[in-house]
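Chain and residue survey
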Amino acid sequence: QQPVQSPQAVILREGEDAVINCSSSKALYSVHWYRQKHGEAPVFLMILLKGGEQKGHDKISASFNEKKQQSSLYLTASQLSYSGTYFCGTDQTGANNLFFGTGTRLTVIP
Amino acid sequence: DTGVSQDPRHKITKRGQNVTFRCDPISEHNRLYWYRQTLGQGPEFLTYFQNEAQLEKSRLLSDRFSAERPKGSFSTLEIQRTEQGDSAMYLCASSPGRFSGANVLTFGAGSRLTVL
């Protein structure tokens, strides 16, 4: 039930772009994205419901392809504050019990 | 609204001892979740409550683990006869409980357990 994320880690210079992918072998009701900084709780970024919608938040956006059970998180013009581990959480039933991937560690350097 | 509170933040115990963690969710949230996170891994679902009813438990939750939410407010997670493999961060999250699927989880800072 655990989704697979790729890449496992990425290093960017400030201003560069990144894409983080999340895929599931199960049909999905929704996909949630969270960011966790070292020693802190995961913080909600966005949620995507089935229907292929795309959402954006400042310079972070995401898409959800329900036919492929895949979601991608797009970070553009990265900032130092974007550093952290990004997790996708997948909901298969709509009951909102999320199963999280192993995470993608993003490091943004000056 | 003070967010999700967890106590204690850190617990060191010897193998075989019992430990209990407490979670106070956001006051108007009906749903409460427990997750476990080990180093380098994503949070693993343990169980969740809708008000006081425990609706689902993961197979990860062995019979040494028990969770309660007696009045639909705070929750406790107890681990009996702790083992070194129980060492992890135990995260609590709460959500409003709408069935729409757009149910955002707010996480607490977690309770870190170290079993010696």
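Scroll up to find the structure.
What you see is a predicted model, and the numbers here were worked out from it, not measured in a lab. (Residues numbered from 1 in each chain as written. Chains lettered and ligands numbered in written order. Predicted model: local features only at pLDDT ≥ 70, side-chain atom pairs only at ≥ 80, totals over all residues. Heavy atoms only, no water.)

Looking now at the overall build of chain A. The number of helices and strands found in chain A is zero helices and 11 strands. Its helices and strands taken in sequence order, chain A reads β-β-β-β-β-β-β-β-β-β-β from the N to the C terminus. Over its C-alpha atoms chain A spans a radius of gyration of 13 Å, differing by no more than 12% from the 13 Å that the globule rule assigns to 110 residues. Principal-axis analysis of the C-alpha atoms gives chain A an extent of 40 × 25 × 20 Å. When the 110 residues of chain A are sorted by exposure, 50% land in the buried category. Once local pairs closer than 6 in sequence are excluded, the contacts in chain A between residues at least 24 apart make up 55%. Carbon together with sulfur atoms contributes 49% to the accessible area of chain A, which is approximately 5,200 Å² in total. (Helix = DSSP H or I, 4+ residues; strand = E, 2+ residues; numbered from the N terminus. Rg over C-alpha atoms; globule rule 2.2 N^0.38 Å. Buried < 20%, exposed > 50% of the residue type's maximum accessible area, 1.4 Å probe, protein only. Contact = heavy atoms within 4.5 Å. Areas by Shrake-Rupley, 256 points an atom, 1.4 Å probe, with all protein chains shown as cover.)

A separate point is the sheet that holds strand β1 (residues 5-7) of chain B. Residues and elements named next belong to chain B. Read from one edge to the other, the open sheet built from four strands follows the order β1-β3-β8-β7, with strand pairing classed as antiparallel. Of all strands in the sheet, those bounded by a partner on one side alone are β1 and β7 (65-68). In this sheet, neighbouring strand axes are inclined to one another by 15° on average, regardless of whether the strands run parallel or antiparallel. Note: β7 against strand β8 (residues 75-79), four bridges, orientation antiparallel. Residue S66 lies in a different strand from β8, and its bridge partner there is E78. (Pairing = 2+ DSSP bridges. Axes fitted to C-alpha atoms, helices over the stretch in contact; angles between N-to-C directions.)

Our next topic: the interface of chain A and chain B. Tallying the contact residues gives 21 residues for chain A and 22 residues for chain B. Note on chain A versus chain B: buried area summed over both sides is about 1,700 Å², and carbon and sulfur give 55% of it. Broken down residue by residue, the surface that chain A buries against chain B is led by A:N96, A:N97 and A:F100, which jointly contribute 28%. Inspection of the region where chain A meets chain B yields zero salt bridges. On inspection of chain A and its partner chain B, the count reaches four residue pairs in polar contact (both at pLDDT 80 or more). A per-element tally of the side of chain A that touches chain B places strand β4 (residues 30-36) of chain A first, with four residues. Looking at the side of chain A that touches chain B residue by residue, the class counts come to 12 nonpolar, nine polar and no charged. (Buried area = accessible area lost by both parts, 1.4 Å probe. Salt bridge = Lys/Arg side-chain N within 4 Å of Asp/Glu carboxyl O. Polar contact = N/O pair within 3.5 Å; in protein donor to acceptor, adjacent residues only side chain to side chain. Nonpolar A, V, L, I, M, F, W, Y, C, P; charged D, E, K, R; others polar.)

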